[in-house]
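Notes for the structure review
One-letter residues, chain by chain:
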Amino acid sequence: MHPIAEKYLRKRALPSIFCSGCGHGTVLNAFLRVVDKLGIIDELSLVGGIGCSSWAPVFIKADVLHMLHGRAIAAATGLKLANPKRKVVVFTGDGDCTGIGGNHFLHGARRNIDLTVIMLNNGIYGMTGGQMAPTTPTDAKTQTSPYGNMEPNLDACAVAISAGATYVSRWTSAHPSGLARSIEQALGHKGFSFIDAVSQCPTQAGRYMHGTADPATLLNMIKESSVTKAKAEKMSADALKDKIVVGKLHEDKERPELSDRLYSIMHDA
Amino acid sequence: MKEDVVIVQGNEACVMGAIRAGCRFFAGYPITPATEIAEIMSHELPKNQGVFVQMEDEIASISAIIGATWGGMKACTATSGPGFSLMQEGIGYAAETETPCVVIDVMRGGPSTGQPTKSSQQDVMQAKYGSHGDYEIIALCPSSVQEAYELTIKAFNLAEQYRVPVILLPDEIVGHTREKLLIPASIHITERSLPSKAPDQYKPYEPLPSGLLDGMPVFGKGYKTLVDGQLHDAHGIRAGHDAEVSGKLMERLCKKITDHTDDLVDVESHFTEDADTIVIAYGSVARSAFAAVKQAREQGIKAGILKLKILWPFPDDTIRETIREAKQVIVPEMNIGKISREIERITRDDKKIVSLPKLGGNLHTPGEIVDAIRR
């Protein structure tokens, strides 16, 4: 076993539920490398929702709350406020976060509570067998959009920024270094930090949406679709269609954070 | 604390009891007729090193108190009918993960939006069966402001002892009645304990012989606990695919409560020893029933009352014993007749069980209950 895995994985919970070639393992890998670099494993409280993505924390030997579908951010809010000294990290999926958990996502961002939310985004409901999600591209065929997705898809980063998140970035499983750098920044950020971690799903999204279950092909597709924020700023909306804009998209160090404010009134009430 | 006498509303007494019991976290969403609990919590908790947070809905509220509990605080939420419905998935999660917490449902009337400002006792079955799957909770039911205070404290104590969500069921009348509350100088508080074993020796879901768990490995104490809503083994690892492990866990989740029914019994009986007719009542209806029984006695009728302060687990044996010699049992309830069926379940055919339902939001008058006793 790799030394990072040896050191941090909850071995009783293995094997993981991830299919071979799944991008979620790359995100988990990036996260654990940062945890190792910062030496913060004992400071972490991890929360997962439901879906493939949300199993990621279950495989880490740490304090872990594997919550109900969509409720990870709401539960993390209680965890953080009960003990603000803990670093609370939420692993969620695109359906978990922006579908069933959309309300909690909006209000977590609005409160600017000090959580790090990593949304593993494969654009599909994978665990249940490949149904369309709020993030599934328009016209894409899935098990519940056999004639093509009739709905537009949601940009979770734009939602996070407009709702009040104070650190927002997007990276992908094809950019493990950029992703790790961003996770480190998010963990160091005081406030609601949100990372859209685009990740390949060979089994469901790959087969049904992209015409291949080959992880390398899917990774290359992600890589070729990605443009940096700096480059994207010089591109037209038309040229940016179907592109994945990666990098730090938003940062605000001025907005007050919720747990700080709530604890500050305790003494002078 | 010094003994004190105050005049407060039932909802306020719940807050006072909660803070006395050690509650330091409240998450809630405004809803009539429970809103005063959130309002007063928002005022009082910061003065007691506690946190109040108003969440975006009741699903978030129950989720936040589950998080806060694992974060190390005693926590509760308060709601009414529609919000109680939304909280059910979280209550099931708390039962499954053995997360101690308190949910106060100030009962209003009707399905759906129903009767926001009127009283009822229509949620007594939802309290027990509201979430999907097999599990058990504890539900307590106050009939006065004094009991609202005392049973809130008890709810927190039992939540810790049994590692279970405890539901407090004041009806709207109890919630909004203002009356005398005697605050006792000393009161028993069950503090949350860490496991007796060190992290490397400890299995978070390995039961003691009683079926209960050894302490609570809250986060940040080195236990690195996995808390999972999927049925799990003693280590907390997923085992939903394993029929034997899953079946045993569900059975334990139920039996850790029902096996302790006798320890949990909380009833009060008056004039029942020689009674031909026994009225069984709970919540504010018990007060009308008490007045009715006294009136009946004045008229020379041998009537008695059994007041239930705990509804779940249902005190089968205690009730059976109390009503053994009675000829008839009358069960007035502000619902279609729910607990009366439980009484029917535990009695033989030779006894007359009279359900006295009342819908619409008004309390039974003592006269209505006296009429039923005389009938």
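Residues numbered from 1 in each chain as written. Chains lettered and ligands numbered in written order. Predicted model: local features only at pLDDT ≥ 70, side-chain atom pairs only at ≥ 80, totals over all residues.

What follows is about helix α12 (residues 339-346) of chain B. Residue and element names in this part refer to chain B. Of all the residues in α12, the buried ones are Ile-339, Ser-340, Glu-342 and Ile-343. Across the axial projection of α12, the buried residues extend over an arc of 155°, all falling on one side. Next to the buried residues of α12 lie α5 (124-129), β13 (277-281), β15 (310-312), α11 (316-322), β16 (328-333) and β17 (352-357). (Buried ≥ 20, exposed ≤ 12 C-beta atoms within 10 Å, placed from the backbone. Helix = DSSP H or I, 4+ residues; strand = E, 2+ residues; numbered from the N terminus. Arc of directions from axis to C-beta. Contact = placed C-beta atoms within 7 Å.)

Let us look at the sheet that holds β17(B). Hydrogen bonds along the backbone pair up the strands of a sheet, which may run parallel or antiparallel. Residue and element names in this part refer to chain B. The strand order β12-β14-β13-β16-β17 describes an open sheet built from five strands, whose pairing is mixed. Because the sheet does not close on itself, it has two edges, and the strands there are β12 (267-270) and β17. For this sheet, the mean angle separating the axes of adjacent strands, direction not counted, is 20°. Two strands pair when backbone bridges link them, and β13 and β16 are joined in this way by three bridges, in the parallel orientation. Pairing of Ile-278 across the sheet is with Val-329, part of β16. Sitting on the sheet, helix α10 (residues 285-298) is in contact with β12, β13, β14 (303-308) and β16, with an inclination near 165° to β14. Relative to the sheet, helix α13 (residues 366-374) contacts β13, β14, β16 and β17, its axis offset from that of β16 by approximately 155°. (Pairing = 2+ DSSP bridges. Axes fitted to C-alpha atoms, helices over the stretch in contact; angles between N-to-C directions.)

What follows concerns the domain arrangement of chain B. All names here are of chain B. Along its sequence, chain B is organised into domain 1 (4-183) and domain 2 (268-374). Here the C-alpha centroids of domain 1 and domain 2 sit 26 Å apart. Taken together, the elements giving at least two residues each to the side of domain 1 that touches domain 2 come down to β7 (115-119), α5, β8 (138-140), α6 (145-162) and α7 (172-176). When residues of the side of domain 1 that touches domain 2 are assigned to their parent elements, the largest contribution, four residues, is made by α5. Split by residue class, the side of domain 1 that touches domain 2 holds 12 nonpolar, seven polar and five charged. (Domains from an automatic or database assignment. Nonpolar A, V, L, I, M, F, W, Y, C, P; charged D, E, K, R; others polar.)

In this section: the sheet that holds strand β3 (residues 51-54) of chain B. Residue and element names in this part refer to chain B. The seven strands lie next to each other as β3-β2-β4-β5-β9-β8-β15, forming an open sheet whose pairing is mixed. Either end of the sheet is taken by a strand with one partner, and the two such strands are β3 and β15. Direction aside, the axes of adjacent strands within the sheet are offset by 20° on average. Bridging between strand β4 (residues 74-79) and strand β5 (residues 101-105) involves four bridges; their strand directions are parallel.

Right, let's talk about the interface of chain A and chain B for a bit. Between chain A and chain B, the contact holds 31 residues from the first and 36 residues from the second. Top contributing element to the side of chain A that touches chain B by residue count: helix α3 (residues 72-82) of chain A, with eight residues. Tallied by class, the residues present in the side of chain A that touches chain B amount to 17 nonpolar, eight polar and six charged. Judged from the three bridges that link them, strand β2 (residues 63-66) of chain A and strand β11 (residues 226-228) of chain B form a sheet pairing that is parallel. The residue of β11(B) that forms the bridge with A:Leu65 is B:Val227.

Right, let's get into the packing of helix α8 (residues 202-210) of chain A against helix α9 (residues 215-225) of chain A. Residues and elements named next belong to chain A. At a minimum axis separation of 11 Å, α8 and α9 run at an interaxial angle of 70°. Regarding the angle of α8 to α9, the classification is roughly perpendicular. The crossing of α8 and α9 is left-handed. Between α8, through Pro-202, Gly-206 and His-210, and α9, the contact on the second element is made entirely by Pro-215, Leu-218 and Met-221. (Parallel < 35°, antiparallel > 145°, perpendicular 65-115°, else oblique. Left-handed = near helix turned anticlockwise from the far one by under 90°.)

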